[in-house]
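Summary of the model geometry
Residue-level listing of the chains:
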Amino acid sequence: MADAVKGDNMIKILKRKNGITLIALVVTIVSVLLLTGVSVNIITEDNGAISKSKEAKTRMEFGTFREEMELFIASLSLEDRDFDRNTLSVTSDQTRYSKLKKNDGDSDEIVQRNDLTIYEAIPSVKGNEKYHNNGDCILYILNGTLYVNSSDQEIMRIALEFGCKSAFYNVQINSSGKRELISSEKNLFIKDAKGEVIIPPIVETIGAGAFYKTGVKRLVIPYTCEVISEYAFSFNTDLEEIIIEEKEVNGVMKGVKTIGAWAFRGCTSLTSIDIPSVTSSIGQGAFYNCNKLTSIELPASLKTLNAEVVGACTSLQTITLNEGLVTMGTYPFTGCKNITTIKLPSTLKTINGWTFYNMAGLTTIDVSNNSYFIMEDGMLLTANRATVYWIPTSWTAVVIPDGVKTLYSSSMLQSKATKLTIPASLTTISSGFSTVLKEIEVKTGNTSFKSDNGNLYTANGKTLIKYLENEATFKVAEGCTNFQRYCLQGATNVTKIVFPDSFTTLNGWGFQGATKLKSIYLPKNVNAFNTVSISGCSITTRD
């Protein structure tokens with residue numbers, strides 16, 4: 001019995017000890033887990049050991065970057081005593097700077113070194129992926145200051161502490177997957193005190209209106225940029241120099257491929273520009289009203305010359321159309337009054353009646369290398385002699401050669417000719433004649449046109465092509481049903497027009513040029529028309 005009790009007591013003691021041991025084990029495990037968590041947190045939290053180690057490394061790197069940059073600048077100063085630190089620009093492609101001016105009024109002397117890049121200026125950044133984005137270095141030097149373009153807030157915070165500047169420009173990925181510099185006030189930070197803008201090499205597209213009217217004086221666009229969008233630099237009236245770089249990379253030339261519509265419109269101080277050989281598209285009016293531009297060469301990669309590309313460039317004397325150009329559109333040279341000669345490349349196949357419009361000084365079109373057009377009797381014709389595209393504006397009388405079927409009369413809008421003779425072969429006349437034209441002779445045998453009281457109609461009398469009487473009252477011939485556009489150009493004495501019952505179709509452009517017109521008498525069956533060009537006229541409809 002005593003032994004049994006003793007045994008039971010022993011079991012209770014053992015159970016108690018096992019319970020204590022189990023509790024101790026649980027407590028120990030929990031303690032270890034807590035300590036481990038604390039340790040991990042200490043190491044990984046914002047102020048932890050790992051974060052502090054990363055921060056320390058980044059600080060050390062920026063300290064090195066600054067030292068290397070200052071050593072690089074010092075070496076340039078030793079090499080060139082006229083080196084101007086404040087103009088220094090260093091990218092992943094080259095180094096550029098201006099020399100100090102010796103005298104007031106001296107022009108800037110630009111030094112460009114392709115053998116010195118950001119990797120020579122700051123060697124320790126090379127190969128460090130932390131400071132690259134899609135292969136592009138996020139560091140560059142602008143105006144002697146180190147700039148950083150990073151989305152990493154920690155890098156930017158430390159960079160600013162080390163006297164670097166944030167790349168304030170606004171670059172976004174566009175719908176084409178390209179890095180686009182969009183229009184933003186931040187772009188003004190790229191412009192230095194002298195008005196120079198060096199587009200960062202990270203940019204692949206310069207967005208619409210990115211530097212519209214921002215006072216740019218000098219512009220450098222790197223070969224990494226492929227697109228200059230519409231109005232990107234328009235109305236920078238002090239812009240004197242544009243450098244658009246191109247470079248061969250792995251056997252392929254890189255550079256701006258597209259210059260958008262009106263991209264440099266109104267850059268009235270620009271005197272010259274070299275368009276890259278890879279540029280294949282130049283939009284409407286890209287260099288419109290660059291009225292100090294004296295010469296321009298279009299690259300062979302350009303297939304189509306759009307409207308007003310160099311319109312209103314009043315000082316332009318020479319334009320070179322390289323082999324490769326296929327089509328010239330509507331008035332690409334309008335207002336270029338000092339161009340006297342244009343040579344057509346052998347590849348040019350298509351032009352239109354307005355291609356050489358408003359070129360008062362043009363006297364010669366050289367077709368010696370072109371088989372699609374010919375010059376005959378001083379006029380530009382298609383090679384088959386079927387169409388007249390251009391007539392010198394200085395002529396006082398024009399005789400269209402026999403065999404011609406189509407006359408682009410727009411080529412005579414600014415002509416001094418008072419008389420036009422059309423051959424029996426002519427079947428088509430486009431709209432538009434000069435205001436000084438007084439007489440049109442239709443040669444015997446022409447079955448497409450006729451003269452009625454000196455006015456030119458189609459042979460069936462249904463369409464008025466050109467009004468020449470210029471009396472105060474114009475009675476439109478019976479049988480006429482419509483006016484051709486601009487048929488009243490020069491009708492400055494006409495105050496009243498009376499239409500016959502046959503008349504059915506009219507548009508506002510038909511009255512263009514009748515500046516004193518006061519009253520119109522229309523039959524009731526005339527279709528609705530635009531009255532903008534006859535505002536102020538009284539319109540009477542008779543039964």
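Scope of this entry: the structure provided in the associated data block. (Residues numbered from 1 in each chain as written. Predicted model: local features only at pLDDT ≥ 70, side-chain atom pairs only at ≥ 80, totals over all residues. Heavy atoms only, no water.)

1. Considering the sheet that holds strand β34 (residues 439–442)
This is how it is decided: The rule for pairing is simple: two strands pair if DSSP sees at least two bridges between them. Counting from the N terminus, the helices are the DSSP runs of H or I reaching at least four residues and the strands are the DSSP runs of E reaching at least two. Where helices are involved, their axes are fitted lines through C-alpha atoms of the stretch in contact, as for all axes, and angles between N-to-C directions lie from 0 to 180°.
On the basis of which strands lie adjacent, the open sheet formed by 3 strands has the order β30-β32-β34 and parallel pairing. Of all the strands in the sheet, just β30 (397–399) and β34 have a single pairing partner and so form its edges. Neighbouring strand axes in the sheet, compared pairwise and without regard to direction, differ in orientation by 10° on average. When β30 meets strand β32 (residues 419–422), the two strands line up parallel, connected through 3 bridges.

2. Digging into the pattern of salt bridges
Just so we agree on the cut-off: Here, a salt bridge means any side-chain nitrogen of Lys or Arg that lies within 4 Å of a carboxyl oxygen of Asp or Glu. Relative accessibility decides the category of a residue: with a 1.4 Å probe and only protein chains considered, values under 20% of the type maximum give buried, values over 50% give exposed, and everything between is partly exposed.
A full pass over the atoms with the stated rule returns 22 salt bridges. With its nearest N and O atoms 2.8 Å apart, the salt bridge here joins Glu161 to Arg59. Of the two residues, Glu161 sits in helix α4 (residues 153–161) while Arg59 sits in helix α2 (residues 49–79), which places them 102 residues apart along the sequence. Residue class for Arg59 comes out partly exposed when judged on its relative accessible area of 28%. Via salt bridges that share partners, Glu55, Arg59, Glu154, Arg157 and Glu161 belong to a single interconnected network.

3. Observations concerning unusual backbone geometry
Note: most residues except glycine have negative phi, and most peptide bonds are trans. With a phi close to 55°, Asn143 is a non-glycine residue in the positive phi region. Structurally, Asn143 is set in the loop between β6 (139–142) and β7 (145–148). The residue Asn470 is not glycine, and still its phi comes out positive at about 60°. For Asn470, the location among the structural elements is in the loop between β37 (463–466) and β38 (473–475).

4. Structural notes on the pairing of strand β15 (residues 241–244)
In β15, alternate side chains face the same way, and those of Ile242 and Ile244 are buried while those of Glu241 and Ile243 on the opposite face are not. Across 4 bridges, the pairing between strand β13 (residues 218–221) and β15 is parallel. What sits directly across from Arg218, in β15, is Glu241.

5. What about the pairing of strand β21 (residues 295–298)?
Of the two faces of β21, the one holding Ile296 and Leu298 is buried and the one holding Ser295 and Glu297 is not buried anywhere. Inspection of the sheet shows β21 paired to strand β23 (residues 318–321) by 4 bridges, in the parallel sense. Of the residues in β23, the one forming a bridge with Ile296 is Ile319.

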